[in-house]
Amino acid sequence: MKFAIFGNTYQAKKSEQIEKLLSSLQKRHAEIIISQDFHDFLAKNQGLDINNIGTFSENHFDADMVLSIGGDGTFLKAASNVGEKNIPILGINTGRLGFLADVLPEEIDDTIEDIYNNNYRIEDRSVLELTCHEHLLEGYPYGLNEIAILKRDSSSMITIHAAINGAPLTTYQADGLVISTPTGSTAYSLSIGGPIIVPHSKTIAITPVAPHSLNIRPIVINDDWEITLDVESRSHNFLIAIDGRSETCREGVRLTIRKAKYNIKVVKRPNHIFFHTLRNKMMWGADGRE
């Protein structure tokens, strides 16, 4: 099998896990390529002897499976480079929470063995696509977690006129608006009061950031519906953040958000269940009185 590896270049103390992963792959005679920035980090900062391992830049690669070693942010970076390639991604968690990257370092060898024995499942995760009319986005317009519209350069709120399939929804007076996939419902959306959504529910959550009204609440819609947003700002600009990648946009630009034409394939071990992750990593239902 051929594996493409993405990694976190900010975790200087995690080289032991990298060596464990490479050793597990090499003893099974896997073909390995590593993203150029991660390869440079491992060779220069970690002193690993990996000159015999090939490299690739950004999305210029092909593989049977992508391995992301880091946290959920590293996984999102890997997903943005995989894009429409239809290559499944396995996340190995050396970060903190790890919803997408949920394989623990001590599970690496067993997980690789499971992959070679075809003992794993693949979950299709929906992706959001952003189109800006009359404005060319500088970055990648697809988000596995969320697309957020946020205030910038001013403490004042922004005004967001939202419509669904052309029909007016409401006008938000808020610090921003987060449009989330089910995958992203446990990320930024959750932190601002959005609902937890089961990954395969085929929905999108729309959650305001600090709304200036008590009667504005999150809403969940079908993921085949189209969302259009018109933004007004006192500073005449606002911020677009897609899975943590952000850029400035001028007011007067209409934003259209819809489900992308492709999914991201996430590799899961058989015993890794969404509700189990909720209970163990988010303390779902935990009673502090016990």
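First, a word on scope: everything that follows refers to the structure included in this document. (Residues numbered from 1 in each chain as written. Predicted model: local features only at pLDDT ≥ 70, side-chain atom pairs only at ≥ 80, totals over all residues. Heavy atoms only, no water.)

On the surface, Val198, Ile273 and Phe275 cluster together into a nonpolar patch covering about 250 Å² of accessible area. In this fold, Val198 is placed in the loop between helix H5 (188-191) and strand S13 (203-209). (Patch = residues over 30% accessible without salt bridge, like charges linked within 9 Å, V, L, I, M, F, W, Y side chains within 5 Å. Areas by Shrake-Rupley, 256 points an atom, 1.4 Å probe, with all protein chains shown as cover. Salt bridge = Lys/Arg side-chain N within 4 Å of Asp/Glu carboxyl O. Helix = DSSP H or I, 4+ residues; strand = E, 2+ residues; numbered from the N terminus.)

Residue position: Gln46 is located in the loop between helix H2 (36-44) and strand S3 (54-56). Relative accessible area serves as the criterion here: at 17%, Gln46 is assigned to the buried category. (Buried < 20%, exposed > 50% of the residue type's maximum accessible area, 1.4 Å probe, protein only.)

On to the sheet that holds strand S17 (residues 245-250), then. Strand order in the open sheet formed by 6 strands is S14-S13-S12-S9-S16-S17, with antiparallel pairing between adjacent strands. Two strands close off the open sheet at either side, each with one partner strand: strand S14 (219-222) and S17. Strand-to-strand twist in this sheet, taken as the mean axis angle between neighbours without regard to direction, amounts to 20°. Bridge count for S13 against S14 is 4 bridges, and the pairing is antiparallel. The residue of S14 that forms the bridge with Ile204 is Ile221. (Pairing = 2+ DSSP bridges. Axes fitted to C-alpha atoms, helices over the stretch in contact; angles between N-to-C directions.)

Next up on the list: the pattern of salt bridges. For the coordinates displayed, the defined rule picks out 16 salt bridges. The partner of Arg28 in a salt bridge is Glu113, with the nearest N and O atoms 2.8 Å apart. Taken together, the positions of Arg28 in the loop between helix H1 (15-26) and strand S2 (31-35) and Glu113 in helix H4 (residues 108-116) put the pair 85 residues apart, joining distant regions of the chain. Each of the salt bridges in this network shares a partner with another, and the network as a whole consists of Lys27, Arg28, Asp109 and Glu113.

Counting 27 residues, the largest nonpolar core has Leu130, Ile149, Ile179, Ile227, Leu229, Ile240 and Leu255 as its most contacted members. Breaking this core down by element, the ones donating at least two residues are strand S7 (128-132), strand S9 (146-151), strand S10 (158-164), strand S12 (176-180), S13, strand S15 (227-233), strand S16 (237-242) and strand S18 (254-259). Ranked by the residues each element gives to this core, the list is headed by S10, at 4 residues. Phe3, Ile32, Phe41 and Ile108 belong to the second largest nonpolar core, which has 25 residues in total. (Core = buried A, V, L, I, M, F, W, Y, C linked by side-chain atoms within 4.5 Å.)

With that out of the way, let us pick up the layout of surface pockets. Considered as a void within the structure, the second largest pocket measures approximately 230 Å³ in volume. Of all the secondary-structure elements, those providing two or more residues to the lining of the second largest pocket are strand S6 (121-125) and helix H6 (274-281). Ranked by residues supplied to the lining of the second largest pocket, first place goes to S6 with 3 residues. For the lining of the second largest pocket, a count of residues per class yields 8 nonpolar, 6 polar and 6 charged. (1 Å grid on protein atoms, 1.4 Å probe; cavity = no way out; pocket = protein on both sides within 12 Å on 5 of 7 lines; lining within 4 Å. Points joined across faces, edges and corners; volume = space filled by probe spheres on them. Nonpolar A, V, L, I, M, F, W, Y, C, P; charged D, E, K, R; others polar.)

This part is about H2. When we look at burial in H2, the residues that qualify are Phe38, His39, Phe41 and Leu42. When H2 is viewed along its axis, its buried side chains cluster within an angular range of 160° and face the same direction. Elements that come into contact with the buried residues of H2 comprise strand S1 (2-7), H1, S2, S3 and strand S4 (65-70). (Arc of directions from axis to C-beta. Contact = heavy atoms within 4.5 Å.)

Let us now look at the environment of Phe3. Along the chain, Phe3 turns up in strand S1. Take Phe3: its relative accessible area is 0%, and that puts it in the buried class. Here Phe3 is in contact with Leu25, Ala30, Glu31, Ile32, Ile33, Ala63, Met65, Leu67, Ile115 and Tyr116, once residues within four sequence places are set aside.

The 6 strands lie next to each other as S8-S7-S18-S15-S10-S11, forming an open sheet whose pairing is antiparallel. Taken across any chain shown, the strands that pair with only one partner, and hence form the sheet edges, are strand S8 (142-143) and strand S11 (167-174). With 4 bridges connecting them, S15 and S18 associate as antiparallel partners. Counted as the bridge partner of Asp230 is Arg254 from S18.

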